[in-house]
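# Examination of the molecular architecture
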Amino acid sequence: MTTIIIGEKPDAAFRIATALAEKGLKGKKSRYGVQYWEFQRDGKEYIVVAAVGHLFNLKQTTRHQGYPVIDNIGWVPSFKAAKKSAFSEKYFRTIEDVAKNGSEYIIACDMDTEGSLIGFNVLRFICGKNDGKRMLFSTLTKQDLIKSYENMIQHLDWGNIAAGETRHYLDWMYGINTSRALTLAIKKTSPRFAILSTGRVQGPLLSILADKELEIKEFIPKPYWQLQLILLINGNEIIALYEEDKIWNKENAEKIFKECKDKSAIVDDVKKKKYTQSPPAPFNITSLQTEAYRFFGYSPQQTLNIAQALYTNAMISYPRSSSQKLPPQIGYKEILEALLKIKKYEPLCKKLLALPELRPIEGKIIDMAHESIHPTIEPPKNIKKLSGPAQKLYDLICRRFFSVFASPAIRESMQVLIDVNGNKFLTNGRRTLEKGWMEFYGPYAKFDEIILPDLKKGDELSVKQLDLLSKQTAPPPRYSQASIIKELEKRNLGTRATRAAILQTLYDRNYIIDKSISVTYLGLKIAEAIKKYVPDFADEKLTRRFEKELEEIMQGKIKKEKVLNKAKKALIKICDEFKQNEDEIGKELGEAIIQTQNDKALLGPCPKCGKDLKILFSPKTRKFFCGCSGYKDGCKTAFPLPHNASFQRLDKICEKCKTPIIMVYRKGKRPFKMCLDPLCIEKKSWKKPDEKIGKKGRVKQIQKVKK
Ligand SMILES: [Zn+2]
Ligand SMILES: [Zn+2]
């Protein structure tokens, strides 16, 4: 008579076991090198086993290579579906051995549709059961886990499971069919091989980015003139602009400039206004990703990974949340009392605890399953032991949590109207009168402070300089990784859990490059071809409708079969459109692939002859290297390249050796920059194994190159 508890990942499973074990765990248990945990509670036997994320994948059950693939889809163990998932077999086998003969089953995976589906698949396909109990928790603290155990629901959360399963079917069906269609179209018409892909959210996302790229490419800058008055007030330079900040007519601008030249500046009017600024809403995943990008430069995916690790260590609540709510049940006071033990937060926590009432400001967005992201009652014992990025993110999350309880900041704006020979100039000041929440948000509360002295009508100001500036209107800004994720959220495309990964796929496929996102020629061509030949697929409406229906499945309002049938119909139509235009699509993309692959092989100019340095393959050594395309003209410049890596040109030249600097990417490692010359003096310091990642990855790699 053993109760089996299924956790989503080993770390989380271990936490669940330690929280629930009344007299500690029964020794170290493992099978196939995978740990599981045994303990007693209320005189009953328990075993906690861990999945390792999804242990099952969807797969086509027939061998048919064409498309559409609409039926004949089923769940198979991940280790059988894909080589890269081979490691999951030992988790599968461990659960199979240990959990087969349970008398009762509890799913304790993460509290979302993915977690519910992960647990259910383990339950039905490995343990052979059709129902179980469900523990729901949003933090992995001991207190919350015990509470969730005591209040677990007596059956599985079928709405979540159905929504999760439908999402997997939708994504899989759309992904396989459209990717197969693209790849087959290329295969038919082009000599180059390339795997192309697109997907249910990927298609519309690429389309949004491509539209922006075209808008920027087609942008024609318009000239305008600006009159800038530099004043010297109390020794500070203050800039005032002519009341029309863009003057479109040059003669007009020159006329005003002449009128104002060497004339005195007199204060004409001063307007002061006090206003309050409320603290920002509690973090959800999108605002956390935005702020982490803004302050630390982390990509959304990086932020998600770091946050996930903090969650697994019980330090913060579940991060894949879209909620901006902070319900009182999380225990504001208890959390603040726990964080008080961290020295740097002590004064802040004390101030908040002294308030007559703790009432957080909240945003509008509700997430049925979660609260917003907040620190828990289990802060790290020694914050310095966290990795640098984890420390930073944790600090950001704690400070945001503090600030939502604090009072609004009181600020004052001041507008000064200045008369110069009948022409009006304006300057604006802004200052904080009472810091309020900004004190709590600390370094992340950044607002411009332009403090102007007390001025009154009639004051004469000392003019340092008057400039007539010739300017051009700027194209719209590119999306950053954070701003495009925000845009997707706004348009209700994808989910909080998947957006970052889908964006990464576009990078992996060479459709987009750079932090400030540019769409490549290939990306533009794919977006164009899809829009031209398969317009339904680039259409956001379809994707958004599915998101809404998934939500309704979750709430039990509609059946998953209904949604899937509709999706199949839409997909058959899309596949038909693809087939009819296969030749045209193939021709257009084939040419784009050749150009993109060629571009990608170029690393920058040769330091000797100036021709392009190129990534080449040596049949003799069977290795990639970098050689000069002026080889035929007698230039023998060549450099070794790190193995098992991919490269991106940066259009920068090393000051020391004059070779191009490139970015090197290796799977699972941090990317790094290097110049091409292995003997360059810049690389002298590289041998020191000073960084953790250096020991195994970076330094070894570089020494290899040096040989
Ligand atoms: Zn050369
Ligand atoms: Zn160099």
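Description of the structure in this document. (Residues numbered from 1 in each chain as written. Chains lettered and ligands numbered in written order. Predicted model: local features only at pLDDT ≥ 70, side-chain atom pairs only at ≥ 80, totals over all residues. Heavy atoms only, no water.)

## Some points on the nonpolar core
- The biggest cluster of nonpolar side chains holds 91 residues, and the ones touching the most others in it are Tyr 174, Leu 196, Leu 209, Ile 484 and Leu 503.
- Here the element with the most residues in this core is helix H6 (residues 158–189); it accounts for 12 residues.
- Ignoring anything within four residues of it in the chain, the contact list for Ile 484 reads Leu 205, Ile 208, Leu 209, Tyr 479, Leu 503 and Ile 517.
- Core analysis: the next-biggest nonpolar cluster, separate from the first, contains 69 residues, Ile 5, Ala 21, Leu 310 and Leu 352 among them. (Core = buried A, V, L, I, M, F, W, Y, C linked by side-chain atoms within 4.5 Å. Buried < 20%, exposed > 50% of the residue type's maximum accessible area, 1.4 Å probe, protein only. Helix = DSSP H or I, 4+ residues; strand = E, 2+ residues; numbered from the N terminus. Contact = heavy atoms within 4.5 Å.)

## Comments concerning the coordination of the zinc ion (ligand 2)
- Within the first shell, the zinc ion (ligand 2) binds the protein through Cys 654 (SG), Cys 657 (SG), Cys 675 (SG) and Cys 680 (SG), at distances of 2.2 to 2.4 Å.
- Because the angles between the four donor atoms bound to the zinc ion (ligand 2) fall within 103 to 115°, the donor set is best described as tetrahedral.
- Written as a sequence motif, the donor arrangement for the zinc ion (ligand 2) is C-x2-C-x17-C-x4-C. With a gap of 23 residues between them, Cys 657 in the loop between strand E21 (646–653) and strand E22 (660–665) and Cys 680 in the loop between strand E23 (672–675) and helix H22 (692–706) connect regions that are remote in the sequence. (Donors = N, O, S within 2.8 Å, 3.2 Å for Na, K, Ca; no water. Tetrahedral: all angles 85-135°; square planar, octahedral: opposite > 155°, others 65-115°.)

## A few points about the packing of aromatic side chains
- Applying the stated criterion across every chain yields a total of 22 aromatic pairs.
- On the numbers, 6.2 Å between centres and 45° between planes, the contact of Trp 437 with Tyr 441 is tilted. By the burial criterion, Trp 437 is buried, and Tyr 441 matches it.
- Sitting above the plane of the Trp 248 ring, Lys 222 keeps its charged end 4.4 Å from the centroid.
- Sitting over the ring of Tyr 224, Lys 246 keeps its end group 5.4 Å from the ring centre. (Phe/Tyr/Trp six-rings, centres within 6.5 Å; stacked < 30°, edge-to-face > 60°. Lys NZ or Arg CZ within 6 Å of the ring centre and 35° of its normal.)

## Digging into the sheet that holds strand E2 (residues 29–31)
- Strand order across the open sheet formed by six strands is E2-E3-E4-E1-E7-E8, with mixed pairing between neighbours. The strands lining the two open edges of the sheet, one partner per strand, are E2 and strand E8 (133–134).
- Inspection of the sheet shows strand E1 (residues 2–7) paired to strand E4 (residues 44–50) by six bridges, in the parallel sense. By the bridge assignment for E4, Gly 7 is matched with Ala 50.
- Across the face of the sheet, helix H1 (residues 10–20) comes into contact with E1, strand E3 (34–41), E4 and strand E7 (104–108) while running at roughly 20° to E3. (Pairing = 2+ DSSP bridges. Axes fitted to C-alpha atoms, helices over the stretch in contact; angles between N-to-C directions.)

## Brief notes about the environment of Lys 100
- Positionally, Lys 100 belongs in the loop between helix H3 (89–99) and E7.
- Judged by its relative accessible area of 44%, Lys 100 is partly exposed.
- Counting along the chain gives 548 residues from Lys 100 to Gln 648, while the straight-line C-alpha distance between them is 50 Å.
- Among all residues touching Lys 100, those that are not within four sequence positions of it are Ile 95 and Tyr 105.

## Considering helix H10 (residues 300–312)
- The end-to-end C-alpha separation of H10 is 18 Å, in line with the 18 Å expected for 13 residues at 1.5 Å each.
- Every buried residue of H10 is accounted for by Pro 300, Thr 303, Leu 304, Ile 306, Ala 307, Gln 308, Leu 310, Tyr 311 and Thr 312.
- The inward-facing, buried residues of H10 abut H1, helix H9 (285–296), helix H13 (388–403), helix H15 (481–490) and helix H16 (499–508).
- Downstream of H10 by a residue or two, Ala 314 has a phi angle that is positive, lying close to 70°. (Expected span 1.5 Å × (residues − 1).)

## A closer look at the coordination of the zinc ion (ligand 1)
- For the zinc ion (ligand 1), the protein coordination sphere consists of Cys 606 (SG), Cys 609 (SG), Cys 628 (SG) and Cys 635 (SG), at 2.2 to 2.3 Å.
- Because the angles between the four donor atoms bound to the zinc ion (ligand 1) fall within 95 to 116°, the donor set is best described as tetrahedral.
- You can call Cys 609 partly exposed: its relative accessible area is 37%.

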